[in-house]
Amino acid sequence: MWSSLLTFLGLLGSGIQAGALLMVLYGVCPTFRRLSVPEWMSLHVSLDRSIERYMPAVNLTTGGATLLLLFTAQDPAVRLLRGLALACNIALALMSELVNVRINKAIARRVAATAPAAPSAAGGVLTAPPPDEADERRLIAVRERWIHWHQWRTLDIVLGFALLVTALLTVSG
């Protein structure tokens with residue numbers, strides 16, 4: 001029973017992470033690139049506030065379930081697949097915290113420092129004034145760095161999810 005529950009939690013969490021990161025990569029990143037720098041920064045901060053509420057918990061639950069699963073009785077090949085999937089989950093956490101989250105926080109600080117708090121006549125919050133040309137180039141490079149590392153995070157967790165699915169199919173087959 002514990003093995004089934006841990007397998008379920010690992011697959012569910014890994015699948016949620018893979019799906020969410022794929023959606024951001026193919027749905028949100030192209031939008032980021034089409035927006036002006038101030039618009040991109042505002043949207044980025046808004047999305048990050050929403051995502052930051054659940055993704056770390058999903059990652060920890062997925063990693064914890066997969067780690068515990070390694071200590072159950074299983075075929076060595078299945079244990080290896082699960083161990084590699086756990087390594088992908090840990091790599092996702094590291095890439096996120098060491099690169100993307102740091103960029104997210106820097107963008108949030110910049111938006112907070114430059115955006116006026118007064119609502120516009122249309123009811124929305126006014127965006128920050130556009131950056132000068134050099135600052136805009138620097139911010140576009142930051143955006144591209146975030147997207148680059150997001151691509152690596154996405155590839156990593158999709159691989160981790162595939163490894164967990166393969167482990168399940170190996171056990172079932």
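Structural data are supplied above this passage.
Q: Mind showing me how you'd approach the state of the cysteines here?
A: Each disulfide is one covalent bond, formed between the sulfur atoms of two cysteines. Per the stated rule, a full pass over the model turns up 0 disulfides. Considering cysteine sulfurs only, Cys88 is the nearest to Cys29, which forms no disulfide, with 20 Å between them. What makes Cys29 buried here is its relative accessible area of 2%. Taking relative accessible area as the criterion, Cys88 reaches 8% and is therefore assigned buried.

Q: In this structure, what is going on with the side chain of Asn104? I would like to understand it.
A: With respect to the helices and strands, the residue Asn104 is situated in helix H4 (residues 76–114). Under the relative-accessibility criterion, Asn104 is labelled buried at 8%. If near-sequence neighbours (up to four positions away) are discounted, Asn104 is found in contact with His44, Asp48 and Trp146.

Q: Explanation requested: the packing of helix H3 (residues 55–69) against H4 in the structure shown.
A: Two elements in contact, H3 and H4, have axes separated by 9 Å at closest approach and are oriented at 155°. As judged from the angle between their axes, H3 and H4 are roughly antiparallel. Handedness of the crossing formed by H3 with H4: left-handed. On H4, the residues that touch Asn59, Thr62, Gly63, Thr66, Leu67 and Leu69 of H3 are Arg82, Leu86, Asn89, Leu92 and Ala93. Class assignment of the residues belonging to the contact of H3 with H4 gives a composition of 5 nonpolar, 5 polar and 1 charged.

Q: What am I meant to see in the pattern of salt bridges here?
A: Between side chains of opposite charge, pairing is possible as soon as their charged atoms come close. Applying the stated criterion across every chain, the model contains 4 salt bridges. A salt bridge links Glu144 to Arg33; the shortest N-O distance between them is 2.7 Å. Taken together, the residues Glu144 in helix H5 (residues 133–172) and Arg33 in helix H1 (residues 2–34) connect sequence positions 111 residues apart. You can call Glu144 partly exposed: its relative accessible area is 29%. Arg33 sits in the partly exposed class, given a relative accessible area of 41%. Salt-bridge contacts for Asp135 lead to Arg110; the nearest nitrogen and oxygen are separated by 2.4 Å. A residue pair is termed long-range when its members are at least 10 positions apart, and Asp135 in helix H5 and Arg110 in helix H4 qualify at 25 residues. Judged by relative accessible area, which is 17%, Asp135 ranks as buried.

What counts, and at which threshold
Residues numbered from 1 in each chain as written. Predicted model: local features only at pLDDT ≥ 70, side-chain atom pairs only at ≥ 80, totals over all residues. Heavy atoms only, no water. Disulfide = S-S within 2.5 Å. Buried < 20%, exposed > 50% of the residue type's maximum accessible area, 1.4 Å probe, protein only. Helix = DSSP H or I, 4+ residues; strand = E, 2+ residues; numbered from the N terminus. Contact = heavy atoms within 4.5 Å. Axes fitted to C-alpha atoms, helices over the stretch in contact; angles between N-to-C directions. Parallel < 35°, antiparallel > 145°, perpendicular 65-115°, else oblique. Left-handed = near helix turned anticlockwise from the far one by under 90°. Nonpolar A, V, L, I, M, F, W, Y, C, P; charged D, E, K, R; others polar. Salt bridge = Lys/Arg side-chain N within 4 Å of Asp/Glu carboxyl O.

Without other data, these values stay purely geometric and don't point to any function.
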